[in-house]
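Chain and residue survey
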Amino acid sequence: MSLQGNSSLCDVGFIGLGVMGKNLALNLADNGYAVACFDLDKLKVQDALAQDQQENPDGPARFVGCNSYTELLAKVKAPHTIILSVPAGEPVDHVCRHLIDAGIQADDIVVDTGNSLWTDSVAREHAYKGKFVFFSTAVSGGESGARFGPSLMPSGDPYAWTRIEPLWNAIAAKVEPSTGKPIENYAIGTPVTEGEPCTTYIGPIGAGHYVKMVHNGIEYADMQLICETYHMMRDVLGMSAKEVSEVFKTWNKGVLDSYLIQISAEVLAQEDPETGNALVDMILDKAGQKGTGLWTAVSALQVGSPAQTITQAVFARSLSAFKEERVKASTVLSGPDNLLGSVDKQTLIQQLHDALYCAKICAYAQGFQLMAIAGKEHGWQLDFAAIAKIWRAGCIIRAVFLQSITDAYEKNDSLDNLLLDPYFAEQIRKYQTNWRKAIAASTLAGVPTPALGSALNYYDSYRCAVLPANLLQGQRDFFGAHTYARIDQAENKKFHLLWGSDDRKQEKVRK
Ligand code: 6PG
């Protein structure tokens, strides 16, 4: 049965045949791995088997359906490699417990590919030690990525990685090494076999899912930034969805060339089959979220990393959910009274383009800064050039400018902030005037641009040598004796003033 060797057993076991699971399993099969499949829902197993047969009518069956965990282990060659694609949280532990009951061995590997919280992965490696090796791989790319090449962020036991690496190298998205451009082929049964695979060992358990969590935080920011430029074109310039779609198509040919701009153009061009209106105009403006953006924001707050554009993107989704209140408020609260005046359409569109580009650089800078700070805190040696490289194809935030981020970290792997890379510093120098004008226009028009604006504030704060935190420290010391450091003394020397009446105005050194 093994498509990789002579064994009558399968190469890997796969548990969880939902959208992501089934497509990852088919991708493995396309790459020559025989897969034993199991799902608590028997219909999903049947569906996967049927699809395998339909896609591969003349070849030998590449999938073997199993009815239980025990049967799954019996159908896979030892030491077992079992891949899970089940919902994050308790379902992962549910499967792990059943695999233990079914007789999984200490040198077997269980790979969690769900959108798990990174701390759960750390706890699981510990909890299942001695029973089997718990390994994790975060996957980005949605349904078509899973099927034709995702970006994979593996982490955990290095020995387990030596066994998983060939599989992931085979199924991952590929990029052309000299240009960094994705090599795409969406034809069934003909996987891309040349090029650099979009996977790399990220580090100890937890690191891979942390990096994927930040990927999603950046994804939230990127999506929100695009939405804000659409909002401006719609409400300030009165453009139709189709017109905005055309603008995005043009933007997708330049520095903003990315999967998210491409799909935004497609979403905006879609007609509603029911009414014939633009479908986007018929979609309720309440954003959903599954939690990875929230996790990124929480982590940023916990480690003290200023990721405000990512956090604003999460808040923007939260605020959108207050639909009924917003509708009420729109009739009660006033906005500006024609402060913007008349605007030149092409000028504002160009300003929005440049604003999106600059803000996007800031969102990525915040994501990489967060990974650097968290990496230090958790003792991970994160390789940022390698991380940027595996995001060049397959994942949701894939974009041409990830090659420039790769170049930046390849030139200087201890870069404090992406904004300090000479290329990106120059890009923002060049385009910031239009960024500022776009924010000014949105403020004057009363159209919210929380992510575009927060990115500009991040940029201006980061480049500000003297922030007003001196006053803030004074305030804290005044009411709470929290002490302050002085610019003319060593920073670790703390001072407290007896604020208030003249005779109490004596500065004291606090140890
Ligand atoms: C990916 C996506 C994927 C998923 C998000 C959506 O990289 O493939 O990020 O993980 O689509 O979880 O998250 P929200 O539902 O929170 O937008």
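A tally of helices and strands in the chain yields 20 helices and 12 strands. Computed over C-alpha atoms, the radius of gyration of the chain comes to 26 Å, within 12% of the 24 Å expected from 2.2 N^0.38 for 511 residues, which places it in the range of a compact globule. Along the first, second and third principal axes, the C-alpha atoms of the chain reach 85 × 65 × 50 Å. In the chain, buried positions account for 50% of the 511 residues. Of the contacts made within the chain by residues no fewer than 6 positions apart, 68% connect residues no fewer than 24 positions apart.

Turning our attention to empty space enclosed by the protein. It is the rolling of a water-molecule-sized probe over the atoms that shows where space remains empty. Per the counting criterion, the structure on display carries 2 cavities of 30 Å³ or more. The space that makes up the largest cavity amounts to roughly 220 Å³. If you list the elements that add at least two residues to the lining of the largest cavity, you get α1 (19-30), α6 (142-148), α7 (158-171) and β9 (182-183). The greatest single-element share of the lining of the largest cavity, amounting to 4 residues, is contributed by α6. Each of domain 1 (12-205) and domain 2 (209-462) accounts for three or more of the residues forming the lining of the largest cavity. The computed volume of the second largest cavity comes to approximately 40 Å³. Taken together, Ala365, Phe368, Gln369, Ala372, Phe384, Tyr409, Leu415, Asp416, Asn417 and Leu418 make up the full set of residues lining the second largest cavity.

This part takes up the domain arrangement of the chain. One can read the domain layout of the chain as domain 1 (12-205), domain 2 (209-462) and domain 3 (469-510). When each unit is reduced to the centre of its C-alpha atoms, the spacing between domain 1 and domain 2 is 31 Å. In this assembly, 37 residues from domain 1 lie in contact with 25 residues from domain 2. Between domain 1 and domain 2 the total buried area reaches about 2,200 Å² when both faces are included, carbon and sulfur atoms providing 64% of it. Interface area lost by domain 1 to domain 2 is led by Trp118, Met153 and Ile202, which between them contribute 27%. Our enumeration of links across domain 1 and domain 2 arrives at 2 salt bridges. A salt bridge links Arg392 to Glu196; the shortest N-O distance between them is 3.1 Å. Counting only elements with at least two residues in the side of domain 1 that touches domain 2, the list comes to α5 (118-127), β6 (133-140), α6, β7 (151-155), β8 (174-175) and β10 (196-197). In terms of residue class, the side of domain 1 that touches domain 2 is made up of 16 nonpolar, 17 polar and 4 charged.

Let's shift gears to the side chain of Glu228. Along the polypeptide, Glu228 turns up in helix α8 (residues 207-235). As a buried residue without a salt bridge, Glu228 has its nearest oppositely charged side chain in Arg317, at a separation of 11 Å. Within the structure, the side chain of Glu228 is placed 2.7 Å from the backbone nitrogen of Ala451, a separation counted as a polar contact. Within the structure, the side chain of Glu228 is placed 2.8 Å from the backbone nitrogen of Leu452, a separation counted as a polar contact. Setting aside chain neighbours within four positions, we find Glu228 in contact with Pro448, Thr449, Pro450, Ala451 and Leu452.

Taken together, 14 residues lie near the ligand, and Ser140, Glu219, Tyr220, Lys290 and Arg317 sit nearest. Contact between the ligand and Ser140: an oxygen atom at 2.5 Å from a side-chain N or O atom of the residue. The contact in question runs from an oxygen atom of the ligand to an N or O atom on the side chain of Glu219, over 2.7 Å. Protein coverage of the free-state accessible area of the ligand, which is 420 Å², stands at 80%. For the ligand, the cavity whose grid points lie within 2 Å of the majority of its atoms is the second largest pocket. Among the elements that line the shell around the ligand, the one with the most residues is α8, at 5 residues. Lining the shell around the ligand are residues from two domains, each supplying at least three of them: domain 1 (12-205) and domain 2 (209-462).

Judged by pairing direction, the sheet is antiparallel, and its 3 strands sit side by side in the order β9-β8-β10 without closing on themselves. The open sheet has two free edges, formed respectively by β9 and β10, since each of these has just one partner strand. In the sheet, β8 pairs with β10 via 2 bridges, with the strands oriented antiparallel. Paired with Lys174 across the strands is Pro197, a residue of β10.

Rules used throughout
Residues numbered from 1 in each chain as written. Predicted model: local features only at pLDDT ≥ 70, side-chain atom pairs only at ≥ 80, totals over all residues. Heavy atoms only, no water. Helix = DSSP H or I, 4+ residues; strand = E, 2+ residues; numbered from the N terminus. Rg over C-alpha atoms; globule rule 2.2 N^0.38 Å. Buried < 20%, exposed > 50% of the residue type's maximum accessible area, 1.4 Å probe, protein only. Contact = heavy atoms within 4.5 Å. 1 Å grid on protein atoms, 1.4 Å probe; cavity = no way out; pocket = protein on both sides within 12 Å on 5 of 7 lines; lining within 4 Å. Points joined across faces, edges and corners; volume = space filled by probe spheres on them. Domains from an automatic or database assignment. Buried area = accessible area lost by both parts, 1.4 Å probe. Salt bridge = Lys/Arg side-chain N within 4 Å of Asp/Glu carboxyl O. Nonpolar A, V, L, I, M, F, W, Y, C, P; charged D, E, K, R; others polar. Lys, Arg positive; Asp, Glu negative; His and termini not counted. Polar contact = N/O pair within 3.5 Å; in protein donor to acceptor, adjacent residues only side chain to side chain. Near = heavy atom within 4 Å. Areas by Shrake-Rupley, 256 points an atom, 1.4 Å probe, with all protein chains shown as cover. Sits in = over half its atoms within 2 Å of the grid points. Pairing = 2+ DSSP bridges.

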